[in-house]
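Okay, here's what each chain looks like letter by letter:
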Amino acid sequence: MRVLLVDDDPFQRLLLMRALEPLGVEVSEARNGREALDLFKEKPYHLVLTDLHMPLMDGLELTRAIKAQDPLLPVTLLTADGEKEVKLKGLQAGADDFLNRPVDLAELRLRVKGHLERRRLQEELEELEKTLLVLVGAVEAKDAYTAGHGERVARYALFGAEELGASPEELEDLRMGALLHDIGKIGIPDHILRGDHVLTEVERSYIRRHPVLGDEILKPLKAHPRLRPYVRWHHERLDGSGYPDGLTDIPLLVQVVTAADTYDALTSVRTYRSPLKGEEALEVLEKEAREGKLSREAVRALRSGLLRNRALRAS
Ligand SMILES: [Fe+2]
Ligand SMILES: [Fe+2]
């Protein structure tokens, strides 16, 4: 992990560098904000520790510049002033933490360690998400007609879930769950997935395994319990006619993903039928709701979410 230490006083820099030595992190030094930004261009850092008063560019300006580039990069301000006003200005600039001078070196080490740990976890999560998206891409590449399906379903489902007042955490789980809902198709032969013909009964039973396969694929993830309902139950229907579990009690947000999934399938091109217009697809969903297969609330939320975001497909 790399720390960028910014201070115009060489003695202070030396002191802090020595104090950080036991952490085994790589520390780069800069004498002011300008120099820090130059270093920042060369390689990424995981934490910035900066003095407040420096010539050329002070700590507040540096904080603002860094946060504009990478809002999640932790910035700790070293302040001698200790007054409330300085902290307020620092917070406004986007600083994450403050250390009062003279710096308590043991406290410095603990705080730096904490920030670096959180940054590492966050980078791991981003890495994981990238890996999962590569998998989604691999699935969608198996069938020319499903390119972008996961992202579209996630987008539509988010519109619907927002209408229902879902919390930010719920929205995040729903987004990932929707992106990954068909991940299990990676285990299904290409010729079945290609979508260029109406499926035979045997092929259909093969395809019906994808929610369970997806559930299995995601099992090692820590997020599995939160993503599982979307992946495993996106083909369930409220009258028990869905698969794989024949549920009749399905979480509302999962039904929103089901509605968004069906909507995208109906409005997308298949060689054996032409795509429906957005309005026509919604009518199909509403019919399913009347028949007791889909949640009326979920379908209604999808309709108003699509309209509000002007995302209804016109053709
Ligand atoms: Fe599916
Ligand atoms: Fe799907």
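The protein chain carries the name Two-component response regulator in an unreviewed UniProt entry, which gives Thermus aquaticus as its organism.

Asks: What exactly am I supposed to notice about the overall build of the protein chain here?
Replies: Each helix and strand in the protein chain was counted, giving 14 helices and 5 strands. A compact globule built from 315 residues would reach a C-alpha radius of gyration of about 20 Å, whereas the protein chain, at 26 Å, exceeds it by more than 25%. Within the protein chain, the proportion of its 315 residues that are buried is 46%. Long-range contacts, defined as pairs at least 24 residues apart, comprise 63% of the intrachain contacts of the protein chain with a sequence gap of at least 6. For the protein chain, the accessible surface area stands at approximately 16,000 Å², while carbon and sulfur atoms represent 54% of it. The distance from the centre of the 47 positive side-chain charges to the centre of the 55 negative ones in the protein chain is 3 Å.

Asks: Would you mind showing me how to read the coordination of the iron ion (ligand 1) here?
Replies: Metal coordination angles have textbook ideals: 109.5 degrees for a tetrahedral set of four donors and 90 or 180 degrees for an octahedral set of six. Looking at the iron ion (ligand 1), one finds its protein donor set to be Asp 182 (OD), His 210 (NE2), His 234 (NE2) and His 235 (NE2), positioned 2.1 to 2.2 Å from the metal centre. Given 4 donor atoms and angles of 86 to 176 degrees at the metal, the environment of the iron ion (ligand 1) is assigned as irregular. Positions of the donor residues of the iron ion (ligand 1), expressed as sequence spacing, correspond to D-x27-H-x23-H-H. A separation of 3.6 Å is found between the iron ion (ligand 1) and the iron ion (ligand 2), both of which receive a donor from Asp 182. Of the two residues, Asp 182 is situated in the loop between α7 (168-180) and α8 (190-193) and His 235 in the loop between α11 (224-233) and α12 (252-267); the sequence distance between them amounts to 53 residues.

Asks: Explanation requested: unusual backbone geometry in the structure shown.
Replies: Excluding glycine, residues mostly carry a negative phi; peptide bonds, for their part, are mostly trans. Look at the link from Arg 101 to Pro 102: it is a cis peptide, with omega at -5 degrees. In this fold, Pro 102 is placed in the loop between β5 (97-100) and α5 (105-141). In the segment running from Tyr 243 into Pro 244, the intervening peptide bond is cis, with an omega of 5 degrees. The phi angle at Leu 56 is positive, at roughly 70 degrees, despite the residue not being glycine. Mapped onto the elements of the fold, Leu 56 is located in the loop between β3 (47-51) and α3 (59-69). On the basis of relative accessibility, which here comes to 59%, the residue Leu 56 falls in the exposed class. Look at Arg 310: it is not a glycine, yet its phi comes out positive at around 50 degrees.

Asks: Got a minute to help me understand the coordination of the iron ion (ligand 2) in this structure?
Replies: Distances from the iron ion (ligand 2) to its protein donors, namely His 149 (NE2), His 181 (NE2), Asp 182 (OD) and Asp 261 (OD), fall within the range 2.1 to 2.4 Å. Viewed at the metal, the 4 donor atoms of the iron ion (ligand 2) are separated by angles of 76 to 171 degrees, and the geometry they form is irregular. Counting residues between consecutive donors of the iron ion (ligand 2) along the chain gives the motif H-x31-H-D-x78-D. You can call His 149 buried: its relative accessible area is 9%.

Asks: Looking at this structure, I do not really get the side chain of Asp 7. What am I missing?
Replies: Tracing the backbone shows Asp 7 in the loop between β1 (2-6) and α1 (10-20). In this structure the side chain of Asp 7 is engaged in a polar contact, spanning 2.9 Å, whose partner is the backbone nitrogen of Asp 9. Those residues in contact with Asp 7, other than ones at most four positions away along the chain, are Gln 12, Arg 13, Ala 30, Arg 31, Asp 51, Met 54 and Arg 101.

Asks: Looking at this structure, I do not really get the domain arrangement of the protein chain. What am I missing?
Replies: A common way to express how large an interface is: the accessible area buried when the components associate. Assigned domains within the protein chain: domain 1 (2-120) and domain 2 (142-308). Centre-to-centre separation of domain 1 and domain 2, based on C-alpha positions: 46 Å.

Asks: Got a minute to help me understand the UniProt feature "modified residue: 4-aspartylphosphate" (unreviewed entry) in the protein chain in this structure?
Replies: Following the UniProt record, the feature "modified residue: 4-aspartylphosphate" (unreviewed entry) maps to Asp 51 here. Along the chain, Asp 51 turns up in strand β3. For Asp 51, a relative accessible area of 8% corresponds to the buried category. In this view, Asp 51 contacts Val 6, Asp 7, Asp 8, Gly 59, Leu 77, Leu 78 and Arg 101; residues no more than four positions away in its chain are not counted.

Asks: How should α3 be read in this particular structure?
Replies: Side chains of residues three or four places apart in an α-helix project in the same direction, reflecting 3.6 residues per turn. For α3, the complete set of buried residues consists of Gly 59, Leu 60, Leu 62, Thr 63, Ile 66 and Lys 67. The buried residues of α3 occupy an angular sector of 160 degrees when the element is viewed end-on, so they sit on one face. Residues of α3 that are exposed and point over 90 degrees away from its buried face: Ala 68 and Gln 69. In the core, the buried residues of α3 are packed alongside β1, α2 (33-42), β3, β4 (75-79) and α4 (84-93). The backbone nitrogen of Leu 60 lies 3.2 Å from a side-chain oxygen of the residue at the head of α3, namely Asp 58.

So, how was this worked out
Residues numbered from 1 in each chain as written. Chains lettered and ligands numbered in written order. Predicted model: local features only at pLDDT ≥ 70, side-chain atom pairs only at ≥ 80, totals over all residues. Heavy atoms only, no water. Helix = DSSP H or I, 4+ residues; strand = E, 2+ residues; numbered from the N terminus. Rg over C-alpha atoms; globule rule 2.2 N^0.38 Å. Buried < 20%, exposed > 50% of the residue type's maximum accessible area, 1.4 Å probe, protein only. Contact = heavy atoms within 4.5 Å. Areas by Shrake-Rupley, 256 points an atom, 1.4 Å probe, with all protein chains shown as cover. Lys, Arg positive; Asp, Glu negative; His and termini not counted. Charge placed at Lys NZ, Arg CZ, Asp CG, Glu CD. Donors = N, O, S within 2.8 Å, 3.2 Å for Na, K, Ca; no water. Tetrahedral: all angles 85-135°; square planar, octahedral: opposite > 155°, others 65-115°. Polar contact = N/O pair within 3.5 Å; in protein donor to acceptor, adjacent residues only side chain to side chain. Domains from an automatic or database assignment. UniProt positions renumbered as here; feature names shortened; annotations may be inferred. Arc of directions from axis to C-beta.

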